[in-house]
Structures are given as structure tokens and as C-alpha cells.
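Architecture and fold: a report
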There are 2 protein chains.
Amino acid sequence: MSEQEPTPPPEALGRRGRGRPRATRRRDQILDAALAEFAESGFQGASLAAVARRVGLSQQGLLHHFPGKEALLIAVLARRDEVDVRELDGLGETAALTGLAERNTRRPEVVRLHTLLTAEGLTGDHPASAYVRDRYARVRDRLAHTLRAEHGDRLPSGATPDQAAALLTAAMDGLQLQWLYDPDSVDMPDLVGLLTDVLRGAPPDPAPH
Amino acid sequence: MSEQEPTPPPEALGRRGRGRPRATRRRDQILDAALAEFAESGFQGASLAAVARRVGLSQQGLLHHFPGKEALLIAVLARRDEVDVRELDGLGETAALTGLAERNTRRPEVVRLHTLLTAEGLTGDHPASAYVRDRYARVRDRLAHTLRAEHGDRLPSGATPDQAAALLTAAMDGLQLQWLYDPDSVDMPDLVGLLTDVLRGAPPDPAPH
DNA sequence: TGTTTTGCCGAATGACCGGTAGGTAAATTC
DNA sequence: GAATTTACCTACCGGTCATTCGGCAAAACA
């Protein structure tokens, strides 16, 4: 009469007894496929069948590994979080923002996933709402903290660290949107670098940005 | 055997002959309801039944006025375009951006609609894709043109008009996202004003923004 | 009054969706 | 080889969706 979880918690990945071992590789494949599918169609627009097809599985075979669509998304986000947190910690200097923008240029799917989920999270009781809200708080906090460490309570441009953090975060999101619509016409690292320079009150650079 | 359009083109709104007059008022009610519904749930997430319910109509009664869901969205966007174009023309001066941000604060549904559709438009063959793409082009062009008229080919901050236009557009979009998630923590007009000042190379303002 | 045009609905259709139940095969331990 | 645990499938279900068809009532004109 003990409570049995249909899908054991991820932390219990290793051997558990005498039965068949868990297909951790398949699990990762599924998460990859789910990320790709969610990034392409959004959460609402994606279907479990489409994710299953990507890994050569039936829809029900997929549901054996994850109890439902929502759990699948959460698992995808949880796995992304490991990388994301490390990236956020890398923002010890404002200059690192340019590097982040540049790296994002090389992985459009991740950018698409975040952009789509951020918008979808606005609709009532979306599974990603809390995730996005929390993410915004962390990013802005981290950024404001870094700016304050570099410039004190007011940047040379006159902006407070909080204001600059909100503006930089907004610019990143907005530029990603424009970039996704037309990658060739938007140079994200360049523009992010320009904005940080301007916010830090750097003198005009005669060399064309 | 002449080709009959199930729903006559909008330009033929007035009387057309001897029959019953067109219900132009209902049409507007439907467009209002559709805007509200799309703004709340997005295009994919919205259902025709929900829109119909808002105007006290059956789903089939609604489809009598518009041939389909996609046509409904297009009609909503077409009606919004009249206002939008006027707003864009109002951007003869950069200072007007702050006013636009302030006005947007008073109509969250419109902001939501644009934000949601902009993200959804990234999804393959979404009916709003072309609309969003075109809108980006217009907004940035208009903004760059204004900036160039005010400052020539390079702003005092060192940014080119095109760069500044992309950054301002991005900041608007990104700030709207943050504002929709947490209206109290984001002062859109203030931040937009700050960014325009900084981009124009204004000296630091000792008064807190 | 008759004709025409429109407004609106009831019923039905077919596609797709996420999710459940039950069964079989595979892989591992003892 | 028996026991056990997992992997995966077929079949099925209830729900929602957009869309179509056919009909009836209302409102205008002749």
C-alpha cells in the first residue's frame, strides 16, 4: 500500500534493484526532441505525438517516460536551468552580456524557446508562468547587483542600476524577437555592447559600431 | 453562376439593394470581443466559441459574419492598423515615444495582443507573421527617419539612427513584457524616456528619474 | 403581399488532442 | 530459469476544435 510513483524522480536515475535498468539515454533524447518541438511550435502549439515522432516513439511510449505534457515541459526547463544558472553567474561583469548575446546567436532554438514561453506564460495558468516570472526576477537582480558593484548607486549616464538592469533585460528580449524574425538585419552582440557602453556613459566611439 | 462572396468585402458596408441591412454594429461588437479574447489567450489559444460567447452568439452565428478564425484575426488587425498608423505618424519627434509608452499603460489588452501575436508569429505559417514582420519594418524605419532628422547620421551618443531605432524598438517590446508580468515594478514611460535621453547623449540628470 | 437579402441557429462532421488501460517483450538480478 | 522491473505498443476514450449544411425568422424593398 506504499505510494508508487509512476515515473520515479530524476534523482533516482541509477540502478534501483533487480529489474531492467532505466533508459536514461532515451529520456535525454526525448528532452532534446521536446525542446526542439516546443521551440518550434510553442507549448500550446506542440503535440505529444510530434515530440514522439522525433524520437521514433509512439505517443504512448513517450507518455511512459513522462506522465504528461506539462511534466515534459517542466523537465525540459529544469534541465535548461542548470545551464542557465551557470550563464547567469557568468554575468559578473557587464561586458559578459555581449558574450551572452553572441552565444545566443549560435543557438536559435534556445532563444526561440525562451521567447515563445515568455509570451505564452502571460496567458492564464500557463505551466511556464512561474518559471518566467522567477527568471525575470533573477536576471534583473543579478544584473543590477553587477552594475552596482561596478558603478555604485548611479551610473555615469545617470541611470540607476535597477533602471539599467530593466533596460538591458528588455533590450535583450526585444532584440531577440527582431533577430528571430530577421537574423541578418540585427546584430545582437553589437547592439547590446552599444547599449551597455551608452548606459555606462562611455564617450562616443568614432569607429563605426 | 456568378461568384458570390459569402461575406462581402468590408468596403461595401452600406445598403446594397432591397434586402435586410448589414449588421455593422454586430460586426464591431464581434471585433471587440475577438480582440479581447485574442489578447487574453493568444490566437492559437482562443476559440471561436469563446469569442461568440462574449457577444451572446452561437459559434455558427459568429461564422456567419466572418468566414473563419483566421479572417477574424485579420479583420481585428486591419481595424487596429488604422489607429496604429496614426500613432506611428505621431512619432515625428523622439519625445513622442514617452507619450506612446504612457498611453500603452492605459490599455493593457492592446499591448497584450501585440506581445502575444509577435511571439506567436514566429511559429510557422502563422496568420500574423506577415503583419508582425511588416510592422517591425515600419516602426524601425519611421523611428530611424525621425532620429536622422533630429541628429543626422550619428547621435551624440555615438549610435547610428538605425542602431538607436532597433534598440528603442527592442526596449519597448521588452519593457512591455516585463510590465505585463508585473505592472507595478516597471515604469515604462520613465524608462523609455531615460533610454532616449541616454541615446541622444543627454548629460546625466541629477534629479532622480 | 411577395421577394430578396441578411441574421442566426441546430445538428453533424472529421480531425486532432491529451490521457488511460491492458498487454507483451526485453533486460536485469538472484 | 524464475522473478522483477522497465520499455513500448495497440486500442480506446472523452473532449475540443474549426468548419459545413440546411433551415427558419427578421428586416428591408417593390
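Positions within a chain are numbered from 1, following the residues in the order the chain's sequence is written. Chain labels run from A onward and ligand labels from 1 onward, assigned in the order the entries are written. The predicted nature of this model means local features are confined to residues of pLDDT at least 70 and side-chain atom pairs, given and counted, to a pLDDT of 80 or more, with totals for whole chains, interfaces and linings taken over all residues. With hydrogens and water excluded, all non-hydrogen atoms of the structure serve as input to the side-chain values.

Our focus in this paragraph is the protein's contact with DNA strand C. Residues are classed as near a molecule or strand on a simple rule: at least one heavy atom within 4 Å of it. The local shell around DNA strand C holds 28 residues, among which Arg18 of chain A together with Ala23, Arg26, Gln60 and His65 of chain B are the closest. Sugar plus phosphate: this is where 68% of the atoms of DNA strand C within 4 Å of the protein reside. Interatomic distance of 3.2 Å between a side-chain N/O atom of Gln59 of chain A and a base nitrogen of DNA strand C. Here a strand is any run of E in DSSP of at least two residues, a helix any run of H or I of at least four, and the numbering for each starts at the N terminus. At the level of secondary structure, the elements contributing two or more residues to the surface near DNA strand C comprise helix H3 (59-65) of chain A together with helix H3 (59-65) of chain B. Among the elements that make up the surface near DNA strand C, the one with the highest residue count is H3 of chain B (four residues). In protein, a polar contact requires one atom able to donate a hydrogen and another able to accept it; more generally it is a pair of N or O atoms within 3.5 Å, and residues adjacent in sequence count only if both atoms are side-chain atoms.

On to the domain arrangement of chain A. It is common to give the size of an interface as the accessible area lost on bringing the parts into contact. All names here are of chain A. Start and end positions for the domains come from either an automated domain assignment or a database one. Parsing chain A into structural domains produces domain 1 (21-80) and domain 2 (90-200). Computed over C-alpha atoms only, the centres of domain 1 and domain 2 are separated by 28 Å. Every residue pair with non-hydrogen atoms within 4.5 Å of one another is taken to be in contact. Contacts between the two partners involve 13 residues from domain 1, matched on the other side by 13 residues from domain 2. Reported buried area values correspond to the accessible surface (1.4 Å probe) lost by two parts on association, with both partners' losses combined. Area buried by domain 1 at its contact with domain 2 is led by Ala39, Leu77 and Arg80, which between them contribute 44% of it. For the pair domain 1 and domain 2, the interface holds four residue pairs in polar contact (both at pLDDT 80 or more). Listing elements by their share of the side of domain 1 that touches domain 2, those giving two or more residues are helix H1 (24-45) and helix H4 (69-89).

Attention now moves to the environment of Thr160 of chain B. Residue and element names in this part refer to chain B. Relative to the helices and strands, Thr160 is located in the loop between helix H7 (129-151) and helix H8 (161-181). For the pair Thr160 and Arg148, spaced twelve residues apart in sequence, the C-alpha separation works out to 8.4 Å. Here Thr160 is in contact with Asp153 and Arg154, once residues within four sequence places are set aside.

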